[in-house]
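Observations on chain architecture
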Amino acid sequence: MAPHSTDIDETLDRAAAAYDIPRTLVSRFDLHETWARPERHTRLTAVYLIERDAVLAFVTDRPLDMPTPNHFHATAKRCRAAVFSLQQPLRLAPITVEKPWGHEVWYTGIEARGTSSVTDGRFTTPLSWVLASAPQHLCGAASIMLLKVLDPAPQPVLGDLYFELHETKHEVYVVTHVDRHAWPDGCGAIRFGMNAARRAMYADDNRFRAAYLQAVRDYETVRRTIDDLLDEKRDTAGMAHDAVAPLELTQRWLDELDPHLIDDERRRRDAMNSFTQMRPLSEGDIVELPRRFPHALQHGVRVIELQTPTYERRILSFAQKVLTQDHWDTETAVADMRLDIPPLVEPRILVQEPDCTIERIVEFEEFSARRIRLAPAARLTLSKLSPYTLCIAISGEVTLGDTTLVGDSACLVPHSATSRTLVNTGDEDAVCLLSGPSL
């Protein structure tokens, strides 16, 4: 997302340097929302309150005159706009995106399918509007990475994700929960690349790829037959073909189909999946997903996902109907997929003190990530080198400035933040994840 201008950042700096009494500034600009469908230009007004030690702001799509400092908060309330500070962390208001296999929770998503927001506890404002209001102060003009949670349903097969690969983006998973109903021993799984023993059965990799491609095509035939029958049931229920049906309803519909068809689907799915392999996953595990490497998180395994902010994928197969496109990408994906299994990457301990442990989770060119464990009352001051930092709580309670985070809540620490000390304000050890460029 391109910021509207860096002029406002320079104007804010000059106004703050010349502080004598509180004053307000107004910036009006068009935000080109290239991610919207159709694309659009939205006319926005950003209002800033310059105080001695802080710049407060809100953004609205309502036309406004310049409010006086005394009317700043009242005007923001009238516009139902979140007030945020350029010197404090910004609490993120995630959106939930339903999927055939469960749902995703987006903290920094800016897409046609939905946009995350910033909240002050009363009102929310789209994150894209906020970032455009002071781009240099908030993100140093860097593109914000994607932070989200994948939360698959616990049902086998129906809760399994797409078997897919990515050509340009980097991803990393941090496992935060394994459903004990789905995995009683606490050990879940991810479908993780291709089966080396099966690959060795073929004279060369071209023949292995061809055999796998044929197995997927055999499966796709029965898959589409079942999906067409389920679409007929959607019609009867008055449900759109691209709507996400509740898993319980999907299972009931499947139970109503011809058992021979269901058995055929299972047999072909098993034959197709025999070309792939599983990797076990436990809570706390890290999964780094290289480019062109096929993978599919399995049911009942909840993860925090960090990735570059691009939407692209190639679907090799899926044991349900794909709702976001009308085709699989098997042929191109199989030709391009990585066959070698990457070595497991263990977190590297950077700091280990009695009250603080810092682990390096991943170090990509585009972003890096650290896992932090703090004992009660322990504190850690974040570096100012990164254009921004994202913080999401995994367990316990941590506070950054005036923002307190507990399980799965997150904030954006802007480039201009002066409140950068992470404190465990709870009664037990706290674990959180930090990510951003150049941590």
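Anyway, here's the lowdown on the structure attached to this text. The structure displayed is predicted, hence computed values, not measured ones. (Residues numbered from 1 in each chain as written. Predicted model: local features only at pLDDT ≥ 70, side-chain atom pairs only at ≥ 80, totals over all residues. Heavy atoms only, no water.)

**Section: empty space enclosed by the protein**
- One pass over the structure, following the stated rule, counts one cavity of 30 Å³ or more.
- In this structure, the largest cavity encloses a volume near 210 Å³.
- E104, K148, E164, K169 and R313 are the residues nearest the centre of the largest cavity, which is lined by 21 residues in total.
- Contributions of two or more residues to the lining of the largest cavity are made by β12 (146–152), β14 (171–178) and β19 (301–307).
- Of all the elements, β12 adds the most residues to the lining of the largest cavity, at three residues.
- Among the residues forming the lining of the largest cavity, the class breakdown is seven nonpolar, three polar and eleven charged. (1 Å grid on protein atoms, 1.4 Å probe; cavity = no way out; pocket = protein on both sides within 12 Å on 5 of 7 lines; lining within 4 Å. Points joined across faces, edges and corners; volume = space filled by probe spheres on them. Helix = DSSP H or I, 4+ residues; strand = E, 2+ residues; numbered from the N terminus. Nonpolar A, V, L, I, M, F, W, Y, C, P; charged D, E, K, R; others polar.)

**Thoughts on the pattern of salt bridges**
- According to the stated counting rule, one finds 29 salt bridges in the structure shown.
- R234 serves as the salt-bridge partner of D231, at 3.5 Å between the closest nitrogen and oxygen. Within this pair, D231 and its partner R234 are both found in helix α6 (residues 205–237), separated by three residues, close to a single helical turn.
- By relative accessible area, D231 is classed as buried at 10%. (Salt bridge = Lys/Arg side-chain N within 4 Å of Asp/Glu carboxyl O. Buried < 20%, exposed > 50% of the residue type's maximum accessible area, 1.4 Å probe, protein only.)

**Points about the sheet that holds β14**
- The six strands are arranged β6-β7-β12-β19-β14-β17 in an open sheet whose pairing can be described as antiparallel. The open sheet is flanked by β6 (95–99) and β17 (286–289), the only strands paired with a single partner. Here the average twist between neighbouring strands, direction ignored, is 25°.
- Looking at chain direction, β14 and β19 are connected through seven bridges and run antiparallel. (Pairing = 2+ DSSP bridges. Axes fitted to C-alpha atoms, helices over the stretch in contact; angles between N-to-C directions.)

**Some points on α6**
- Here α6 contains 33 residues, and its C-alpha end-to-end distance of 46 Å stays within 8% of the 48 Å for a straight helix at 1.5 Å per residue.
- The opening residue of α6, the one whose side-chain oxygen lies 3.1 Å from the backbone nitrogen of N206, is D204.
- Just downstream of α6, G238 is the residue with a positive phi angle, here 70°. (Expected span 1.5 Å × (residues − 1). Polar contact = N/O pair within 3.5 Å; in protein donor to acceptor, adjacent residues only side chain to side chain.)

**Here's the deal with the packing of aromatic side chains**
- Within the structure shown, the criterion is met by nine aromatic pairs.
- Ring centres of Y162 and F318 lie 4.4 Å apart, and the angle between their planes is 45°; this geometry places the pair in the tilted category. With Y162 in the loop between β12 and β13 (163–165) and F318 in the loop between β20 (314–317) and α9 (330–336), this residue pair connects regions lying 156 residues apart in the sequence. Across this residue pair, the class does not change: Y162 and F318 are buried.
- With a centroid separation of 5.2 Å and an interplanar angle of 85°, the aromatic rings of F364 and F367 are classed as edge-to-face. There is no split in this pair, since F364 and F367 are both buried.
- A network of ring pairs unites the aromatic residues Y202, F208, Y212 and F275 as a single cluster.
- A cation over an aromatic ring shows up here: R198 above the ring of F275, its NZ or CZ 3.9 Å from the ring centre. (Phe/Tyr/Trp six-rings, centres within 6.5 Å; stacked < 30°, edge-to-face > 60°. Lys NZ or Arg CZ within 6 Å of the ring centre and 35° of its normal.)

**Comments concerning the nonpolar core**
- Counting residues in hydrophobic clusters, the biggest one holds 55 residues, and the most contacted among them are Y212 and L297.
- The biggest single contributor to this core is α6, with nine residues.
- Not counting chain neighbours up to four residues away, the residues in contact with L297 comprise L150, P152, D160, L161, Y173, A189, I190, L281 and V303.
- With 50 residues, the next largest nonpolar core counts L44, V55, F364 and A369 among its residues. (Core = buried A, V, L, I, M, F, W, Y, C linked by side-chain atoms within 4.5 Å. Contact = heavy atoms within 4.5 Å.)

**Things to note about the environment of C356**
- Mapping C356 onto the fold places it in strand β22 (residues 356–363).
- The spatial distance from the C-alpha of C356 to the C-alpha of G121 is 30 Å, given a sequence separation of 235 residues.
- For C356, the contacting residues outside a window of four places in its chain are V351, R373 and L374.

**Looking at the pairing of strand β2 (residues 40–50)**
- In terms of burial, β2 is largely enclosed, as eight of its eleven residues are buried.
- Where strand β1 (residues 23–33) folds back onto β2 in an antiparallel hairpin, the turn is made up of six residues.
- Bridge count between β2 and strand β3 (residues 55–60): six bridges; the pairing is antiparallel. Bridging from a neighbouring strand, I50 pairs with V55 of β3.

**Structural notes on the sheet that holds strand β5 (residues 90–93)**
- Spatially, β11-β10-β5-β28-β25-β30-β23-β22-β21 is the arrangement adopted by the nine strands of the open sheet, whose pairing is antiparallel. With partners counted over all chains shown, the strands left at the sheet margins are β11 (124–126) and β21 (348–353), one partner each. Shown here is a sheet whose adjacent strand axes are inclined to one another by a mean of 30°, direction ignored.
- Both strand β25 (residues 389–395) and strand β28 (residues 410–413) contribute to a ladder of four bridges, which runs antiparallel. Bridging from a neighbouring strand, I392 pairs with A410 of β28.

**Considerations on unusual backbone geometry**
- The amide bond that connects R37 to the next residue, P38, takes the cis arrangement and shows omega of 0°.
- For P38, the position within the fold is in the loop between β1 and β2.
- At R80, a residue that is not glycine, the phi angle is positive and equals roughly 55°.
- Residue placement: R80 occurs in the loop between α2 (72–78) and β4 (84–85).
- By relative accessible area, which is 55% here, R80 ends up exposed.
- With a phi close to 70°, R292 is a non-glycine residue in the positive phi region.
- By the element assignment, R292 lies in the loop between β17 and β18 (295–297).
- Judged by its relative accessible area of 34%, R292 is partly exposed.

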